[in-house]
Amino acid sequence: MSGNATRPEPTGPAAVLCGLGGALPARAVSNDELAAQLDTSDAWIRSRTGIGQRHVIAPGQATSDLAVEAGARALASARDTAGPAAAEVDLLVLATSTPDRPCPATAPVVAQRLGLGTVPAFDVAAVCTGFVYALATAGSLIEAGVARRALVIGADTFSTILDPADRTTRALFGDGAGAVVLRAGTRDEPGALLGYDLGSDGQGVDLITVRAGGSRQRSEPGPPPEADRWFTMRGSSVFREAVLSMSDSARALAERTGWDPAGPDKLVAHQANVRILRAVGDQLGLDEKQIVVHLDRVGNTVAASIPLALTDAAGEGALQPGHRVLLTGFGGGLTWGSAALVWPDVVTGPPGTV
Ligand code: ACO
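None of the values given here were measured: they were computed from a predicted structure.

### Quick word on the overall build of the protein chain
Then step 1. Within the protein chain, the regular secondary structure consists of 11 helices and 15 strands.
Then step 2. Compactness check: the protein chain gives a C-alpha radius of gyration of 19 Å against a globular reference of 20 Å for 354 residues, within 12% of the reference.
Then step 3. Taking the principal axes of its C-alpha atoms as reference, the protein chain extends roughly 55 × 45 × 35 Å.
Then step 4. Looking at the protein chain residue by residue over its 354 residues, the buried ones come to 54%.
Then step 5. Once local pairs closer than 6 in sequence are excluded, the contacts in the protein chain between residues at least 24 apart make up 79%.
Then step 6. Summed over its atoms, the accessible surface of the protein chain is roughly 14,000 Å², and 51% of this surface lies on carbon and sulfur atoms.
Then step 7. One finds the centroid of the 29 positive side-chain charges in the protein chain at a distance of 1 Å from the centroid of its 37 negative side-chain charges.

### A closer look at the packing of helix 8 (residues 235-257) against helix 9 (residues 274-284)
Then step 1. At a closest axis distance of 9 Å, the pairing of helix 8 and helix 9 adopts a crossing angle of 40°. Classified by the interaxial angle, the pair formed by helix 8 and helix 9 is oblique. The chirality of how helix 8 crosses helix 9 is right-handed. Residues Phe 239, Ala 242, Val 243, Met 246, Ser 247, Ala 250 and Arg 251 of helix 8 touch helix 9, and the partners they reach there are Arg 275, Ile 276, Ala 279, Val 280, Gln 283 and Leu 284.
Then step 2. Here the residues of the contact of helix 8 with helix 9 sort into nine nonpolar, two polar and two charged.

### A closer look at the environment of Ala 58
Then step 1. Looking at the element boundaries, Ala 58 is found in the loop between strand 4 (53-56) and helix 3 (63-82).
Then step 2. The sequence separation of Ala 58 and Pro 25 amounts to 33 residues, and the corresponding C-alpha distance is 7.6 Å.

### With respect to the sheet that holds strand 8 (residues 176-185)
Then step 1. Overall, mixed pairing links the six strands, which are arranged 6-5-7-8-2-15 in an open sheet. Each edge of the sheet is formed by a strand with only one pairing partner; in this case those strands are strand 6 (121-124) and strand 15 (352-353).
Then step 2. Pairing of strand 5 (residues 92-95) with strand 6, which is carried by four bridges, proceeds in the parallel orientation. Each bridged residue has a counterpart across the sheet, and for Leu 92 the counterpart in strand 6 is Ala 121.
Then step 3. Each of strand 2 (14-24) and strand 8 is contacted by helix 11 (residues 305-316), which is oriented at about 90° to strand 2, the strand it contacts most.

### Structural notes on helix 11
Then step 1. An ideal rise of 1.5 Å per residue puts 16 Å on 12 residues; helix 11 measures up with 16 Å between its terminal C-alpha atoms.
Then step 2. Along helix 11, the residues that are buried comprise Ser 305, Ile 306, Pro 307, Leu 308, Ala 309, Leu 310, Thr 311, Asp 312, Ala 313 and Ala 314.
Then step 3. Packing partners of the buried residues in helix 11 comprise strand 2, helix 5 (130-143), strand 8, strand 12 (266-269), helix 10 (295-298) and strand 13 (324-331).
Then step 4. Residue Gly 317 follows helix 11 closely and has a positive phi angle near 85°.

### Let's talk about the site of the ligand
Then step 1. Taken together, 28 residues lie near the ligand, and Thr 40, Arg 48, Cys 128, Thr 168 and Asn 273 sit nearest.
Then step 2. Interatomic distance of 2.6 Å between a side-chain N/O atom of Arg 48 and an oxygen atom of the ligand.
Then step 3. Protein chains bury 73% of the 1,000 Å² of accessible surface belonging to the ligand in isolation.
Then step 4. Those elements that place two or more of their residues in the shell around the ligand are helix 2 (42-49), helix 6 (167-172), strand 11 (231-233), helix 8 and helix 9.
Then step 5. Here the shell around the ligand is composed, by residue class, of 14 nonpolar, 10 polar and four charged.

### Focus: the UniProt feature "domain: Beta-ketoacyl-[acyl-carrier-protein] synthase III N-terminal" (unreviewed entry) in the protein chain
Then step 1. The sites that UniProt annotates as "domain: Beta-ketoacyl-[acyl-carrier-protein] synthase III N-terminal" (unreviewed entry) are residues 122-202.
Then step 2. Taken end to end, residues 122-202 has its terminal C-alpha atoms 22 Å apart, with 25% of it in helix and 36% in strand.

### What to know about the UniProt feature "active site" (unreviewed entry) in the protein chain
Then step 1. In the numbering adopted here, UniProt assigns the feature "active site" (unreviewed entry) to Cys 128, His 270 and Asn 300. The greatest C-alpha distance among the annotated residues, which extend across 173 residues, is 8.6 Å, indicating that they converge on a single site. Set against the second largest pocket, the annotated residues named above that line it are Cys 128, His 270 and Asn 300.
Then step 2. In this structure Cys 128 touches His 270, Asn 300, Val 302, Ala 303, Phe 330, Gly 331 and Gly 332, once residues within four positions along its chain are discounted.
Then step 3. Considering the arrangement of structural elements, one finds Asn 300 in the loop between helix 10 and helix 11.
Then step 4. Given the relative accessible area of 4%, Asn 300 is considered buried.
Then step 5. Once you skip the residues sitting within four places of it in the chain, Asn 300 turns out to touch Ile 51, Cys 128, Leu 172, Phe 173, Gly 174, His 270, Gln 271 and Ala 272.

How each quantity is defined
- Residues numbered from 1 in each chain as written.
- Predicted model: local features only at pLDDT ≥ 70, side-chain atom pairs only at ≥ 80, totals over all residues.
- Heavy atoms only, no water.
- Helix = DSSP H or I, 4+ residues; strand = E, 2+ residues; numbered from the N terminus.
- Rg over C-alpha atoms; globule rule 2.2 N^0.38 Å.
- Buried < 20%, exposed > 50% of the residue type's maximum accessible area, 1.4 Å probe, protein only.
- Contact = heavy atoms within 4.5 Å.
- Areas by Shrake-Rupley, 256 points an atom, 1.4 Å probe, with all protein chains shown as cover.
- Lys, Arg positive; Asp, Glu negative; His and termini not counted.
- Charge placed at Lys NZ, Arg CZ, Asp CG, Glu CD.
- Axes fitted to C-alpha atoms, helices over the stretch in contact; angles between N-to-C directions.
- Parallel < 35°, antiparallel > 145°, perpendicular 65-115°, else oblique.
- Left-handed = near helix turned anticlockwise from the far one by under 90°.
- Nonpolar A, V, L, I, M, F, W, Y, C, P; charged D, E, K, R; others polar.
- Pairing = 2+ DSSP bridges.
- Expected span 1.5 Å × (residues − 1).
- Near = heavy atom within 4 Å.
- Polar contact = N/O pair within 3.5 Å; in protein donor to acceptor, adjacent residues only side chain to side chain.
- UniProt positions renumbered as here; feature names shortened; annotations may be inferred.
- 1 Å grid on protein atoms, 1.4 Å probe; cavity = no way out; pocket = protein on both sides within 12 Å on 5 of 7 lines; lining within 4 Å.

The following block contains the structure:
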């Protein structure tokens, strides 16, 4: 189920990753805390998902608060890695499905709060694939010469759209943000994005959705049913589609990049469920050491999941300069996508607290 691919011309500029940072809300919610409110248990959540805790924003906080902190950390990382000019970005792309407001996009206010002046700034909505879509968008604008340096942020606050009574989704999702800085460089440099694979299938619109709040519901008379306000997911279908889409997309991109699909040093896949990560690994012929796992501490942070996992793995030394890294995501839409790079020597720290 691989989608349309784009691959930068070897002769043109490449987009090179040179900064990385993350942000999490201060409040961590343990499985036991959820079990005190809902009919669930630490044992069920750990054994069925691998998740031990998730972070949740405080009343009054919003997605942009996390995005600004992650963005600031990624810009600082770019300065430390590649010098002051690397942080002078001329583009901001924000992946989110939980914008501060339905209108306008959240990216311009994030750019303003980061002091980026009047750079172009826009949101990309592809749910859990959002970061890969945003990375491919920003990377392609650099490859086309439209931008020189870009800040790419994935940020979501799914706690704001979960049904408080739904034990399944409340166990799975957490809030967070992660960000990278891309700069124009050459394809043979470590950190250069070597290719993308992106796809979608709108037939799956009902598998992962919030029914109310958009033009379809708002054009109807009367208020929406209460249940339509909340996020819903058909868990077992999503599980199956996630495994198929991520393994097909990652395999297709690995082959186009000239890599053995079982050969990447690290697979950084969307962090939804550790059983999904293992199943994707099995499909590709990877062993556990090749698969980055971060969801045990943060749950599924949607568009933030891949850059937060990168930040954690780089900070802990699991990602080493020279590692061949495959990123792959799957989410609502349905959407899926992958990107490939050789890991650069990038200076980063732990996620900030908001
Ligand atoms: N505690 C206890 N029991 C639970 C819980 C819970 N937190 N959640 C569900 N259950 C129950 C169900 O109600 C069901 O009970 P029943 O048999 O009496 O009806 C039982 O556990 C088994 O349910 P299944 O759905 O078969 O459980 P499964 O092993 O498939 O795990 C899960 C469910 C975790 C949701 C899994 O299907 C999953 O991870 N799906 C994919 C999620 C995902 O990939 N999301 C990413 C995309 S989302 C996005 O883009 C925003």
